[in-house]
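Spelled out from the first residue to the last, the chains are:
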Amino acid sequence: MADRLVRPDWVRRLNLMAGSVGGHARDLVPIDPGDMLDTAAVALGGLPDGDLGDPRWQERFETLATAIDASGMHTVGRLMTKQELLRSLRTRLLLTTTLDRSPEVRDRPVTAPVIVTGPARSGTTILFELLALDPGLRAPTAAEALHPVAMPEAEAADDSSLSDPLVLSECEQEIWADVQPEFQAVHELRSDLPVECVTITQGSFCGFHWSMVASLDGWLPDPAVNYAYERQFLQALQHGDRATQWLLKTPGHLMLLPLLYAEFGDAWVIQTHRDPAKTMPSTVSTTAMVQWLRTDDVDVDAMARNILAVFAAGLNGSIDVRASGMVPADRFVDVHFSELMSDLVSTLRAAYAQMERDFSDSHATAVLDYLAHKPKGKFGVHRYQPEDWGFTAEGLRSELAPYIDHYGVARED
């Protein structure tokens, strides 16, 4: 990755600090699960009795933190990840206390969420943001996902900055582009923007945020536990509000459709489609950059092989999963990238018709206004070619031929 991206000087200098005193990044920024548990317990007045239905959650946290500590991250990467771990721990503990005090929160269903999934660069992000303009749907913002429960320190300190999730979440959301400015062209992170399920579920300690940011030994995600955590998280967020229909998004749902429907049985899934010669290189490029934010050691070749294997299984496998009855096939809406880019409003209108939702004129106007203020390439262009990541266009299309043929995915040359 060093031959592809140049680190900003401030990042390079911070990463040199450990070596300048004859040590390692691990010495400057230790990631010790026991210390973090003690820190959270002292700050929050002890650990709550509840466990959100996961009696092994502490074991999961300790295994994850230990794996991250051993992962070889550089100084800046360790600092970023340690903050995420400690904040996720606090979020989980605060959420547990909230649900313990108000157990009726768990009785309120998460009704018919609309869930966007598909490979990277297939239109998932722009579709997610445009759907979020619908006043009848609620997409969790990054601020809500990171700080769903008020900070107890805010009242004690009478500090308004501690009571504003938009301010508190800025350090996590915007530092990614500070550490590697090119990331802004890949994916804009901002406290007030809709955020993916991978962020919501960090506090499960078995979700895909952690495997995305680092290659970890001795730790494995647990999707079933992860979905159960997400449901409770959404229940806590919607408590006290009027009827809420959630809008959610993550590419990883594509590989886990039966488990997704086991937790959200009446969900609408909007599956996006695009030529894999475009999506697979972008997925590898994006994931490699995410890891480069935190480590000098990114095995791009292994990453490319793994990503292709996982998405090939998910995309080709979605055909049988949807046809077999394992999931309700009539709750899927297919959106093709080529059609979305050709006529956004008409494509959205057709998707709404399939879900038997009203696509209002005011929503259409909001979509056009949003696009006018967010032009393509606002933060530069994310350039990628199959050959840059060890692929060929025809090789990718051959691997994904069942998917391309079944869904009628348009070729892009």
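You'll find the structure just up there.
Cut-off values and rules
Residues numbered from 1 in each chain as written. Predicted model: local features only at pLDDT ≥ 70, side-chain atom pairs only at ≥ 80, totals over all residues. Heavy atoms only, no water. Helix = DSSP H or I, 4+ residues; strand = E, 2+ residues; numbered from the N terminus. Expected span 1.5 Å × (residues − 1). Bend = angle between axes of the 7 residues up to and from the residue. Buried < 20%, exposed > 50% of the residue type's maximum accessible area, 1.4 Å probe, protein only. Contact = heavy atoms within 4.5 Å. Polar contact = N/O pair within 3.5 Å; in protein donor to acceptor, adjacent residues only side chain to side chain. Pairing = 2+ DSSP bridges. Axes fitted to C-alpha atoms, helices over the stretch in contact; angles between N-to-C directions. Parallel < 35°, antiparallel > 145°, perpendicular 65-115°, else oblique. Nonpolar A, V, L, I, M, F, W, Y, C, P; charged D, E, K, R; others polar. Core = buried A, V, L, I, M, F, W, Y, C linked by side-chain atoms within 4.5 Å.

Trainee: How would you explain helix α17 (residues 300-324) if you had to name every residue and give the values?
Mentor: Given 3.6 residues to a turn, an α-helix orients residues that are three or four positions apart in the same direction. Here α17 contains 25 residues, and its C-alpha end-to-end distance of 35 Å stays within 8% of the 36 Å for a straight helix at 1.5 Å per residue. If you look at α17, its biggest bend is around 40°, right at Gly317.

Trainee: For the side chain of Thr283, give the residues involved together with the corresponding values.
Mentor: Within the element layout of this structure, Thr283 appears in helix α16 (residues 276-292). With a relative accessible area of 7%, Thr283 lands in the buried category. In this structure, Thr283 is in contact with Ala120, Ile307 and Phe311, ignoring residues within four places of it in sequence.

Trainee: If you had to explain the side chain of Asn316 to someone new, which residues and values would you point to?
Mentor: For Asn316, the location among the structural elements is in helix α17. Polar side-chain contacts of Asn316 include one of 3.0 Å to the backbone nitrogen of Tyr403. Beyond its immediate sequence surroundings of up to four residues, Asn316 is in contact with Phe311, Glu399, Leu400, Pro402 and Tyr403.

Trainee: Talk me through the sheet that holds strand β3 (residues 268-273); I want residue IDs and the actual numbers.
Mentor: Read across the sheet, four strands follow the order β2-β1-β3-β4 without closing on themselves; strand pairing throughout is parallel. A strand with exactly one partner marks an edge of an open sheet, and here the two such strands are β2 (247-249) and β4 (332-336). Going across the sheet, the axis of each strand differs from the next one's by a mean of 20°, ignoring polarity. Pairing between strand β1 (residues 114-117) and β2: three bridges, direction parallel. The residue bridging Val116 from the neighbouring strand is Lys249, located in β2. Contacting β1, β2 and β3, helix α6 (residues 124-131) crosses the sheet at an angle of about 170° to β2.

Trainee: Give me the lowdown on the pairing of β3, citing residues and values where you can.
Mentor: Here β3 lies mainly inside the structure; six of its six residues are buried. Residue alternation in β3 divides its side chains into two sets, Trp268, Ile270 and Thr272 and Val269, Gln271 and His273, and both sets are buried. With five bridges joining them, β3 and β4 adopt parallel strand pairing. Within the sheet, the bridge partner assigned to Ile270 lies in β4 and is Val333.

Trainee: Could you give an account of the packing of helix α3 (residues 33-44) against helix α4 (residues 57-69), naming the residues involved and the relevant values?
Mentor: Where α3 meets α4, the axes come as close as 9 Å, and the angle between the chain directions of the two elements is 125°. The angle between α3 and α4 falls in the class oblique. From α3, Pro33, Met36 and Leu37 reach across to α4, where they touch Trp57, Gln58, Phe61, Glu62, Ala65 and Thr66. Across the contact of α3 with α4, the residue classes break down as six nonpolar, two polar and one charged.

Trainee: Account for the environment of Leu371, naming residues and giving values.
Mentor: Here Leu371 is to be found in helix α20 (residues 361-372). Beyond its immediate stretch of four places on either side in the chain, Leu371 contacts Ile126, Leu130 and Leu344.

Trainee: Lay out the nonpolar core with the relevant residues and their values.
Mentor: Judged by nonpolar contacts, the single largest core of 56 residues is most densely connected at Leu85 and Leu89. Ranked by the residues each element gives to this core, the list is headed by α17, at nine residues. In contact with Leu89, not counting residues within four places along its chain, are Met36, Leu37, Ala40, Trp57, Phe61 and Phe205. Within the second largest apolar cluster, 28 residues are counted, among which are Val105, Val195, Phe264 and Phe332.

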